[in-house]
Amino acid sequence: MTETTDRRPSGRFLARAAAVVLATGVAALGLAGPASAHVRVDPGEATQGGYSALTFRVPNESSTAATTKLEIALPADSPFASVSVKPVPGWKATTTSGKLAKPIEAHGTQVTEAVNRVTFTATSKATGIQPGEFQEFEISVGPLPEDKDKIFFKALQTYSDGEISRWIEEQTGSEEPENPAPELTLVKGTAEGDGHGDADAEPSAAAATTSTSDSGGNGLAIGLGVAGLVAGVAGLIAGLMALRRSTATSASES
């Protein structure tokens, strides 16, 4: 009588295989997840020589303090002849101007002084950005420089406990710095238009939809990834169980 060795996968093997797949999937999701939250500007692209309404999205990264102030430094080497601020309920907006070392021309007029900083301050801690929340601050600027392909808006985010997050590092390579400054890419205008938008125009419905989709896109992607991971683990276990049953049947027929 020939001795038959039982090659069926054991329960311990199945559990270990499932754990390996699960761990690999979680690691993959971690690599594909969003970068740490930071102050950023939307849209991330505008037309050279035109005007643009820029929205600065500010998340609160503290678990114990509220964000009570946002300071946005406008690029000193590319001053804007026109700067206007959209009011935010519960916040006071102020601008700081300075003399220009070299006057700029806008619509045939020489501009010798320009806004170089915009500050939003919460009227109280209660109206600040609370833990787990974000707020959006909008300014309209122009004309945008025609000789640059990107500009940076360095920002300081102050918390109610005195901590300050300094989003001031300009990205120069492929890797994002630890504290990146909000970055705006500038592109040339198309033949259909002159590249000059309405400085006081409200964001379009399409832009609003894009912002909303972007806000929830990471959560949707992670949800789909988890669902796929669970399905993959279930499929692996089912396959191994089928292999175990097939091996058992073969062994009994021998």
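This text goes with the structure placed above it.
Fair warning: this is a prediction, and the values are worked out from it, not measured in the lab.

1. Points about the sheet that holds strand β2 (residues 45-47)
Hydrogen bonding along the main chain pairs the strands of a sheet, whether they run parallel or antiparallel.
Then comes step 1: Pairing is mixed in the open sheet, where three strands are placed in the order β2-β12-β9. Two strands in the sheet have a free side with no partner beyond their single neighbour: β2 and β9 (150-152). Across the sheet, the mean angle from the axis of one strand to that of its neighbour is 30°, orientation sign disregarded.
Then comes step 2: Taken together, the three bridges between β2 and strand β12 (residues 183-187) define a ladder with parallel strand orientation. Counted as the bridge partner of Thr-47 is Val-187 from β12.

2. Thoughts on unusual backbone geometry
Then comes step 1: Here the amide bond leading from Asp-42 into Pro-43 is cis, since omega sits at -5°, within 30 degrees of zero.
Then comes step 2: Along the chain, Pro-43 falls in the loop between β1 (40-42) and β2.

3. A word on the pattern of salt bridges
A side chain of one charge can pair with a side chain of the opposite charge if their charged atoms are brought near each other.
Then comes step 1: On inspection of all chains with the given rule, the structure shows six salt bridges.
Then comes step 2: The partner of Arg-40 in a salt bridge is Asp-42, with the nearest N and O atoms 3.3 Å apart.
Then comes step 3: In this structure, the salt-bridge partner of Asp-77 is Lys-148, at a minimum N-O distance of 3.3 Å. On the criterion of sequence distance, the pair formed by Asp-77 in the loop between β4 (67-73) and β5 (82-85) and Lys-148 in the loop between β8 (134-142) and β9 is long-range, its members being 71 residues apart.
Then comes step 4: The class for Asp-77 is exposed, based on a relative accessible area of 57%.

Cut-offs applied
Residue indices begin from 1 for each chain and proceed along its sequence in written order. In view of the model being predicted, local features appear only for residues whose pLDDT reaches at least 70, and side-chain atom pairs are presented and counted only at 80 or more, with totals across whole chains, interfaces and linings using the full set of residues. In computing side-chain properties, one takes all heavy atoms of the structure into account and sets aside hydrogens as well as water. Here, any two strands with at least 2 DSSP bridges between them count as paired. Secondary structure elements follow DSSP: runs of H or I no shorter than four residues count as helices, runs of E no shorter than two count as strands, and numbering proceeds from the N terminus. Note on geometry: axes are lines fitted to C-alpha atoms, helical ones only across the stretch in contact, with angles between N-to-C directions running from 0 to 180 degrees. We define a salt bridge as a contact between a side-chain nitrogen of Lys or Arg and a carboxyl oxygen of Asp or Glu at a distance within 4 Å. Throughout, exposure labels follow a simple rule: accessible area from a 1.4 Å probe, protein chains only, divided by the maximum for the residue type, with under 20% read as buried, over 50% as exposed, and the rest as partly exposed.

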